Structures are given as C-alpha cells and as structure tokens.
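Inside the fold
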Amino acid sequence: LHLFFICFVLASSTIALFTYVPALRTLCKREAVPETYVCDKTGVVDMTPWKPMYFIAAAILVLLVMLICSLQFASFGLHIAFWVCWFLVLAALMWFRPVVGLIDAGEVEAKGKEVERKADGGAAKDEVAM
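This is a predicted model, so every value here is computed, not measured.

The next subject is the environment of leucine 64. With respect to the helices and strands, the residue leucine 64 is situated in helix α3 (residues 53–72). Residue classification places leucine 64 among the partly exposed positions, given a relative accessible area of 46%. Residues leucine 64 and phenylalanine 82, spaced 18 residues apart in sequence, show a C-alpha to C-alpha distance of 8.8 Å.

Right under this line is the structure:
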C-alpha cells in the first residue's frame, strides 16, 4: 500500500513538473506556456432540471427504509407493501420521463461545425483543406 502511495506521488509530481516547467515542456516539443482552457457554452444537451426529481428521490429513500425495515423485522406484510410501492414508483418514473425534443441530425452537425470554427479562430475546416 505504501508503494502505491509513493508511485502516486511520483506520477503526480512528474505530471506537474512537465506541465508547469517551461524547459521541460519545450523538451517534449510543446509550447513553453500551456494554453488556458476556455469553456464553450454552446452545448446541445438540455440542462433544465427535471421537475419530479425531488419526488422520485424521496420515494426511493422511503422505499429503501421500507425494504430495510421489512427485512430487519421479518414482516411479510411490510415486504408486500414495499413491492407494491416499488411498482407504483416505477410506474411514476416511467410516466414522468423527461420530455426531450428531437434534434435534427443536420442541426447537430451545424452546431458542431460552429464550435469547430470558434476553436480554429474563425477559419472553417473546409477552407483549411483547400
């Protein structure tokens, strides 16, 4: 276990050295100063919160408590009630599924090309190839 810790520290320090020491970066044929990452906010995934999330989370917590209690106290009736509630929560989970708008494949491709253009500094991939 100590050997793994020593290897982890050695690997982490090697990565840090080769990332932040300009002489070692140029030795590996990289730029002397690393380029800062800029997050692009033009994702195609809808990140709106799911409305019944808290209801389902609470239902799962109640189901877990019911299952543990039914097994701990060996109550057959509580175990049957757990399975009935489990099927009801499963049905609710299927009923309240997230509604996702269908995205056209052309729209996704156009969005990808727009992100590539921004990453290339305004030059389109088609213009570079010619």
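With respect to the element layout, serine 70 can be found in helix α3. Of the polar contacts made by the side chain of serine 70, one reaches the backbone oxygen of leucine 67; its length is 2.9 Å. Filtering out sequence-adjacent residues up to four positions away, serine 70 remains in contact with Ser75, Leu78 and His79.

Spanning 20 residues, α3 covers 28 Å between terminal C-alpha atoms, matching the ideal 28 Å at 1.5 Å per step. Of all the residues in α3, the buried ones are Ile56, Ala59, Leu63, Met66 and Ser70. Seen end-on, α3 carries its buried residues on one side only, within an arc spanning 80°. Opposite its buried face, α3 presents the exposed residues Tyr54, Leu61 and Gln72, each directed more than 90 degrees away. On its buried face, α3 sits against α4 (76–95). One or two positions beyond α3, positive phi appears at alanine 74, with a value near 55°.

Here we come to the nonpolar core. Listed in full, the five residues of the largest apolar core are Ala59, Leu63, Met66, Phe82 and Val89. Among the elements of the structure, α3 and α4 are those that each provide at least two residues to this core. If one sorts the elements of this core by residue count, α3 sits on top with three residues. Excluding residues within four positions of it along the chain, phenylalanine 82 makes contact with Leu63, Met66 and Leu67.

A few words on the packing of aromatic side chains. The full count for this structure, using the stated rule, is four aromatic pairs. Summarising the aromatic geometry, the rings of tryptophan 83 and tryptophan 86 are spaced 5.5 Å apart at their centres and angled 70° between planes, so their arrangement reads as edge-to-face. Here tryptophan 83 pairs with tryptophan 86, and both are found in helix α4, just three residues apart, close to one helical turn. Judged by relative accessible area, tryptophan 83 falls into the partly exposed class, the value being 37%.

Positioned with a positive phi, lysine 29 is a non-glycine residue whose angle comes to about 60°. Of note, lysine 29 is situated in the loop between α2 (22–27) and α3. Classification of lysine 29 by relative accessible area gives exposed; the value is 76%. Despite not being glycine, alanine 74 shows a phi value in the positive range, around 55°.

Calculation criteria
Residues numbered from 1 in each chain as written. Predicted model: local features only at pLDDT ≥ 70, side-chain atom pairs only at ≥ 80, totals over all residues. Heavy atoms only, no water. Helix = DSSP H or I, 4+ residues; strand = E, 2+ residues; numbered from the N terminus. Buried < 20%, exposed > 50% of the residue type's maximum accessible area, 1.4 Å probe, protein only. Polar contact = N/O pair within 3.5 Å; in protein donor to acceptor, adjacent residues only side chain to side chain. Contact = heavy atoms within 4.5 Å. Expected span 1.5 Å × (residues − 1). Arc of directions from axis to C-beta. Core = buried A, V, L, I, M, F, W, Y, C linked by side-chain atoms within 4.5 Å. Phe/Tyr/Trp six-rings, centres within 6.5 Å; stacked < 30°, edge-to-face > 60°.

Treat this as a map of the structure, not an account of what it does.
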